[in-house]
Amino acid sequence: MELINGEYHIGGIAISDIVALSGVPVYVYDAAVIRKQVSRLLNAFGKTSVRIMYACKALTNINILRYVRTLGVGLDTVSIQEVELGLLAGFTPSEILYTPNMVSYAEIKRAIEIGVHINIDTISVLERFGHDYADRVPVCIRINPHIMAGGNERISTGHIDSKFGISVHQIRHVERIVNSNSMHVNGLHMHTGSDILDADVFIQGAEILLDVAERFPEIRFLDFGSGFKVPYKQDDIETDIETFGSKLSMRIEEFNKGRKTPIEIWFEPGKYIVSEAGIFLAPVNVVKQTTSTVFAGVDSGMNHLIRPMLYGAYHHIVNTSNPNGTPRIYTVVGYICETDTFGWDRKINEVREGDILAFYNAGAYGYAMASNYNSRYRPSEVLIYHGHAHVIRRRETMPDLLSTQIDQGDVWETGLHA
Ligand SMILES: *Cc1c(COP(=O)(O)O)cnc(C)c1O
């Protein structure tokens, strides 16, 4: 957000204009920020060939998918429905990677029929796959390198108790299955979870994949998943992409020296691409002084933005309606009948009922995790592109809430079955 002539703007458009267009609450995305993040990534790896597969579970609006496609980005998908959405958004199967975990084998078969890249993360699935498709369909294998990502257990996937990936200690077994079935392993994958702060941790994981890659001569790419940290607060540490990029690129070039065809490196960022591009706007319904704090209660809650309640995520909060107000301390909460606290003891410019609060870093896992809990409508979404605000999703209405319900009328009163 920028303050222009005393009014907050997103992507050059005044908040008041956005609100007039879409109403509130609303998720607002700035395409320019998405583009900037993608080009930062694409430019960080020197002459090493790098491919970005946007992890679309972070934000799946079809307009976002269409937009990232124009930036030369592929898709990382975790469900057959995401694969299908990707196709509807114009991606070809070869631009889509499917990384399932614990899904039915029927779903994996469907993805194979569509022709997307398949990432296998379980020995039993690898065996079935080897039996059914061995020499016809190449596979990528998801390895758990047992590298701990950041400090948050709940968003880390590389630890020993994780349900994701095939342990790096099981590679001999993988090799047996692959060789016995004459399978073609064309890629190796790891995704250790979010919030890796340190480039060296990433390089450590890279070394493990490179080591495993020596055993599979047909490897064309190494997919390092994601884990790039974005800043949530002022002065927050973020992954130093440029330093990391040049370190990794050097290591890959060294590896490529001994090979006929150089390997590509792939990444699957979700948060890195869309988190900072999104701002959630919600009006304040109530300012309530209690004995211990001042609550600012917004016309929203965990039904719209659940990250703070689900895993303690921090979202910076700004009062867009009072740029010159005196900062005071507030606890920002929602209207849901649960303890849905967005943030305790936040310093926010004096909040009045009707003011509009902005929640930062709302692009990733914001709308995507929204629900109808308490029979509330999910909000609208706006994408700002080249100085124009486009409504890319309308707010829900009562017919939306009822759309999948089958109302049996008065059967329950009359006892007469229709
Ligand atoms: C969720 C996920 C990602 C993206 O993670 P971010 O933290 O949003 O960058 C990448 N790869 C896989 C397999 C995922 O499940």
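Residues numbered from 1 in each chain as written. Predicted model: local features only at pLDDT ≥ 70, side-chain atom pairs only at ≥ 80, totals over all residues. Heavy atoms only, no water.

Undergrad: Looking at this structure, I do not really get the domain arrangement of the chain. What am I missing?
TA: Quoted interface sizes are often the accessible area lost when the parts come together. Structurally, the chain comprises domain 1 (2–28 + 275–402) and domain 2 (44–269). Placing a centre on the C-alpha atoms of domain 1 and another on those of domain 2 gives a separation of 33 Å. Tallying the contact residues gives 19 residues for domain 1 and 14 residues for domain 2. Taken together, both faces of the contact between domain 1 and domain 2 bury some 1,500 Å²; the carbon and sulfur share is 58%. Scanning the region where domain 1 abuts domain 2 turns up 5 residue pairs in polar contact (both at pLDDT 80 or more). Broken down by secondary-structure element, the contributors of at least two residues to the side of domain 1 that touches domain 2 are α11 (307–311), β20 (380–385) and β21 (388–393). Residue classes in the side of domain 1 that touches domain 2 are distributed as 9 nonpolar, 6 polar and 4 charged. (Domains from an automatic or database assignment. Contact = heavy atoms within 4.5 Å. Buried area = accessible area lost by both parts, 1.4 Å probe. Polar contact = N/O pair within 3.5 Å; in protein donor to acceptor, adjacent residues only side chain to side chain. Helix = DSSP H or I, 4+ residues; strand = E, 2+ residues; numbered from the N terminus. Nonpolar A, V, L, I, M, F, W, Y, C, P; charged D, E, K, R; others polar.)

Undergrad: Would you explain the packing of helix α5 (residues 105–114) against helix α6 (residues 123–133) in this entry?
TA: Angle between the axes and distance between the axes: these two values describe a pair of packed helices. Running from amino to carboxyl end, α5 crosses α6 at an angle of 45°, the nearest separation of the two axes being 12 Å. The angle between α5 and α6 places the two elements in the oblique class. When the axes of α5 and α6 are compared, the crossing they make is right-handed. In this structure, α5 contributes Tyr-105, Ile-108, Lys-109 and Ile-112 to the contact, and α6 contributes Val-125, Arg-128, Phe-129, Asp-132 and Tyr-133. The residue makeup of the contact of α5 with α6, split by class, is 6 nonpolar, no polar and 3 charged. (Axes fitted to C-alpha atoms, helices over the stretch in contact; angles between N-to-C directions. Parallel < 35°, antiparallel > 145°, perpendicular 65-115°, else oblique. Left-handed = near helix turned anticlockwise from the far one by under 90°.)

Undergrad: How do you make sense of the sheet that holds strand β2 (residues 7–10) when you look at a structure like this?
TA: Within a sheet, adjacent strands bond to each other through the backbone by hydrogen bonds, running parallel or antiparallel. Across the sheet, 3 strands lie side by side as β1-β2-β3; this open sheet has antiparallel pairing. With partners counted over all chains shown, the strands left at the sheet margins are β1 (2–4) and β3 (13–14), one partner each. As paired elements, β1 and β2 share 3 bridges and run antiparallel to each other. Bridge pairing in β2 places Leu-3 opposite Tyr-8. (Pairing = 2+ DSSP bridges.)

Undergrad: Quick question: what am I supposed to make of the packing of aromatic side chains here?
TA: Ring pairs (aromatic) are described by centroid distance and by the angle formed between their planes. Per the stated rule, a full pass over the model turns up 16 aromatic pairs. Seen in terms of ring centroids, Tyr-67 and Tyr-385 are 5.7 Å apart; in terms of plane orientation they differ by 70°. Their pairing is edge-to-face. Of this pair, Tyr-67 sits in helix α3 (residues 62–70) while Tyr-385 sits in strand β20, placing them 318 residues apart in sequence. Given a relative accessible area of 33%, Tyr-385 falls into the partly exposed group. Between Phe-342 and Phe-359 the ring centres are 4.9 Å apart and the planes differ by 55°, which places this aromatic pair in the tilted class. Pair noted here: Phe-342 is in strand β18 (residues 341–349) and Phe-359 is in strand β19 (residues 356–359), with a separation of 17 residues, a long-range link. An aromatic cluster of at least three residues, connected via ring pairs, comprises Tyr-27, Tyr-29, Phe-280, Phe-342, Phe-359 and Tyr-367. Here Lys-233 stacks its cationic end above the ring of Tyr-314, 4.5 Å away from the centre of that ring. Here the basic side chain of Arg-376 rests over the ring of Tyr-335, its NZ or CZ set 4.0 Å away from the ring centre. (Phe/Tyr/Trp six-rings, centres within 6.5 Å; stacked < 30°, edge-to-face > 60°. Buried < 20%, exposed > 50% of the residue type's maximum accessible area, 1.4 Å probe, protein only. Lys NZ or Arg CZ within 6 Å of the ring centre and 35° of its normal.)

Undergrad: Hey, could you run me through the environment of Tyr-272 in this one?
TA: Turning to its location among the elements, Tyr-272 is positioned in helix α10 (residues 271–274). For Tyr-272, a relative accessible area of 1% gives the class buried. Here the alpha-carbon distance between Tyr-272 and His-191, two residues 81 residues apart in the chain, equals 14 Å. Sequence-distant contacts of Tyr-272, that is, excluding residues within four places in its chain, are made with Gln-37, Arg-40, Leu-41, Phe-228, Lys-229, Val-230 and Ile-241.

Undergrad: Looking at this model, I keep getting lost on unusual backbone geometry. Mind explaining?
TA: Both trends apply: most residues other than glycine have a negative phi, and most peptide bonds are in trans. Of the consecutive residues Val-24 and Pro-25, the connecting peptide bond is found in the cis state with omega at -5°. Note that Pro-25 resides in the loop between α1 (15–22) and β4 (26–30). Within the chain, Asn-5 stands out as a residue other than glycine whose phi angle is a positive 50°. Of note, Asn-5 is situated in the loop between β1 and β2. For Asn-5, a relative accessible area of 79% corresponds to the exposed category. In this model, Tyr-365 sits at a positive phi of 60°, which is unusual for a non-glycine residue. By the secondary structure assignment, Tyr-365 is in the loop between β19 and β20.

Undergrad: What exactly am I supposed to notice about the nonpolar core here?
TA: By size, the foremost hydrophobic cluster in this structure holds 106 residues, and its most contacted members are Tyr-54 and Phe-224. Ranked by the residues each element gives to this core, the list is headed by helix α8 (residues 199–213), at 8 residues. When residues of this core are assigned to domains, at least three map to each of domain 1 (2–28 + 275–402) and domain 2 (44–269). Here Phe-224 is in contact with Met-190, Phe-202, Ala-206, Leu-209, Leu-248, Ile-252, Ile-265, Trp-266 and Phe-267, once residues within four sequence places are set aside. Residues Tyr-8, Ile-10, Ile-15 and Leu-281 belong to the second largest nonpolar core, which totals 15 residues. (Core = buried A, V, L, I, M, F, W, Y, C linked by side-chain atoms within 4.5 Å.)

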